[in-house]
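Each chain, written out:
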Amino acid sequence: MRIFVVADDVPFRSDCDPAVTAVNVVLFLLLRELQKLGNDVTYQCILPESRKEGELTPAECAEIQALHEFGIHVLPPLFLGTHFRRVRHRLYYLRLLFSPTACLRHFYPSVRLSGVLHERSKHSRADAILTIWSPRGVAATDGLRIPRVSYQGDIDYQPKIAHFLDGRLFFSEKHRDVLSFFHRLNQRLRLWLFVRTHHQLMNRVDVIANVTAANVDIYAQHGHRHSSYVGNTWIADGSRTSSRVPEPPYKIIGHVGHLARTGTAYGLRFLLKEVLPHLSGLFGGKSYQVHIIGAGEAPLSLRPLLQQPSVVLRGFVKDLDAEFAGADAFCMFNNVGSYIAAYTRHIIAWSQSLCLVAHARSTLAIPEIVHGENALIGSTGREVAELIVRAVTDPDLNRRIREGGRRTYERFFTPQRIAEKLSGELMRAAGMTRS
């Protein structure tokens, strides 16, 4: 099959630059695996408004050349550029109520690239289009008469809704105006328009292949008839073992990821306010540290809580593999709030044989999570604190969770497995179009 892949980033191998995101790495893995499965793969990158025309780093140029050498056709990146002025008038969104086209251009400005994408996909003789975690790609390919599959990460508007609902978590006293009546009324209108526009756009995609299981029903409820759960992936590092035996001072990774992100705020609030107060008593004097890893700064509302004695605020860490290798437990609590996602860090934990401790709501995103088999999951701060203590003080339990996580990864989440699922969805979309 000739697959025309569209995404927002230059794909990177994991060993090239420690600053690249999970998106870049997953892109690289899936492009390689789709090509290994016998597909003819053409890749089109759409870079955001912040990037200047023709501006590529030497590392990005090297990665593009590597993809060429692997047999993947890489087209010149498209630079979206600065194309519209953000209008801040309170009544602006009222104008969008009566113009779906204006809404689409406002929320998804990459739709203006549809002519270019039409020509490039036609020239590649594509049998199907696959967008990978790419709202820009979905909009830019809107209207193309080629079967389209969206490998969909987060639902685009969900972080905005989380900020709206939990403004006191994300905004400081200095920004109380964001909680004012008129601002909230305007925001509510904007979110309603965003939700409506997103689902109108996605309903024109033939198949939505979701990273997050909970999103399947959301798309179905909004009228999409072919929404499925595919899952996430990460690097298949066969060198990882589960032989580590925890010993004091126990090293607990409480969080990994940029501290200013939406899910991070929920996860850190739960960890710092509801879990840590129980740990000291439960450990009974045994030495332990809770490491917070990630660039950026946490929301102002959470910063005082980072000063607790057991917390080690690490900031950006270059060698994450070394951190993981020395960890006795790996915590993932980002799904404690209203915003549910299948964070790549769950899969990283399994691929690297870590002892995963997660909030129970993560099972809504990744149903393969099974308590006591490949993770320890709890719902309350006290319950999770008890699980952390058990994880690091019971070597047999720690080993079982590590081994179970690795087995789950190998069965469901390797790059080859996810690429096979996506190939199946592409064939499904092509069949739907022919019928």
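Okay, so let's go over this structure. Just so it is clear, the structure is predicted and the values come from calculations on it, not from any experiment. (Residues numbered from 1 in each chain as written. Predicted model: local features only at pLDDT ≥ 70, side-chain atom pairs only at ≥ 80, totals over all residues. Heavy atoms only, no water.)

## A look at the overall build of the protein chain
Working step 1: When you go through the protein chain residue by residue, the secondary structure sums to 17 helices and 14 strands.
Working step 2: Compactness check: the protein chain gives a C-alpha radius of gyration of 22 Å against a globular reference of 22 Å for 435 residues, within 12% of the reference.
Working step 3: Overall, the protein chain is about 65 × 55 × 40 Å in size when its C-alpha atoms are taken along their principal axes.
Working step 4: Looking at the protein chain as a whole, 54% of its 435 residues are labelled buried.
Working step 5: Within the structure as shown, the protein chain displays about 19,200 Å² of accessible surface, and the carbon and sulfur contribution to it stands at 52%.
Working step 6: Taken as two groups, the 53 positive and 40 negative side-chain charges of the protein chain have centres that lie 7 Å from each other. (Helix = DSSP H or I, 4+ residues; strand = E, 2+ residues; numbered from the N terminus. Rg over C-alpha atoms; globule rule 2.2 N^0.38 Å. Buried < 20%, exposed > 50% of the residue type's maximum accessible area, 1.4 Å probe, protein only. Areas by Shrake-Rupley, 256 points an atom, 1.4 Å probe, with all protein chains shown as cover. Lys, Arg positive; Asp, Glu negative; His and termini not counted. Charge placed at Lys NZ, Arg CZ, Asp CG, Glu CD.)

## With respect to the pattern of salt bridges
Working step 1: According to the stated counting rule, one finds 14 salt bridges in the structure shown.
Working step 2: Between R399 and D396 there is a salt bridge, and its shortest N-O distance comes to 3.9 Å. Residue R399 and its partner D396 are both found in helix 16 (residues 395-413); the two are separated by 3 residues, about one turn of the helix.
Working step 3: R399 sits in the partly exposed class, given a relative accessible area of 33%.
Working step 4: Residue D396 is classed as partly exposed on the basis of its relative accessible area of 45%.
Working step 5: R399 is the partner of E403 in a salt bridge, and the nearest nitrogen-oxygen pair spans 3.4 Å. Note that E403 and R399 are positioned in helix 16 at a spacing of 4 residues, about one turn of the helix.
Working step 6: The exposure class of E403 is partly exposed, given its relative accessible area of 28%.
Working step 7: Each of D142, R148 and R204 takes part in salt bridges that share partners, so that together they form one network. (Salt bridge = Lys/Arg side-chain N within 4 Å of Asp/Glu carboxyl O.)

## Remarks on the nonpolar core
Working step 1: Ranked by internal contacts, the top residues of the largest apolar core, which has 103 residues, are L130, Y151 and V357.
Working step 2: Ranked by residues supplied to this core, first place goes to helix 11 (residues 262-283) with 10 residues.
Working step 3: Those residues in contact with Y151, other than ones at most four positions away along the chain, are L30, L130, T131, I132, W133, A209, V211, V230, G231, N232, I418 and L422. (Core = buried A, V, L, I, M, F, W, Y, C linked by side-chain atoms within 4.5 Å. Contact = heavy atoms within 4.5 Å.)

## Quick word on the sheet that holds strand 9 (residues 250-256)
Working step 1: With parallel pairing, the 6 strands of this open sheet are ordered in space as 11-10-9-12-13-14. Looking at the sheet topology across the chains shown, the edges are occupied by strand 11 (311-315) and strand 14 (376-378). Adjacent strand axes in the sheet meet at a mean angle of 25 degrees, parallel and antiparallel pairs treated alike.
Working step 2: Bridge count for strand 10 (residues 288-293) against strand 11 is 4 bridges, and the pairing is parallel. Across the sheet, I292 pairs through a bridge with L313, a residue of strand 11.
Working step 3: Contacting strand 9, strand 10, strand 11 and strand 13 (356-359), helix 11 crosses the sheet at an angle of about 175 degrees to strand 10.
Working step 4: Packed on one face of the sheet, helix 15 (residues 381-393) meets strand 9, strand 12 (329-332), strand 13 and strand 14 and runs near 165 degrees to strand 14. (Pairing = 2+ DSSP bridges. Axes fitted to C-alpha atoms, helices over the stretch in contact; angles between N-to-C directions.)

## Some details on the packing of helix 13 (residues 344-351) against helix 16
Working step 1: Axis separation between helix 13 and helix 16 bottoms out at 7 Å; the angle between their running directions is 115 degrees. Facing helix 13, whose interface residues are I347, W350 and S351, helix 16 presents G405, R406, T408, Y409 and F413.
Working step 2: Residues that form the contact of helix 13 with helix 16 fall into these classes: 4 nonpolar, 3 polar and 1 charged. (Nonpolar A, V, L, I, M, F, W, Y, C, P; charged D, E, K, R; others polar.)

## A few points about the state of the cysteines
When the sulfur atoms of two cysteines share a covalent bond, that bond is a disulfide.
Working step 1: Taken as a whole and judged by the stated rule, the model has 0 disulfides.
Working step 2: Between C45, a cysteine without a disulfide, and C61, which holds the nearest cysteine sulfur, the sulfur-to-sulfur distance is 12 Å. (Disulfide = S-S within 2.5 Å.)

## Here's the deal with unusual backbone geometry
Working step 1: The residue after P248, namely P249, is reached through a cis peptide bond having omega -5 degrees.
Working step 2: Turning to its location among the elements, P249 is positioned in the loop between strand 8 (227-229) and strand 9.
Working step 3: If you check the backbone angles, S353 has positive phi at about 55 degrees while not being a glycine.
Working step 4: Tracing the backbone through its elements, the reader meets S353 in the loop between helix 13 and strand 13.
Working step 5: Of the residues examined, S353 reaches a relative accessible area of 3% and is grouped as buried.

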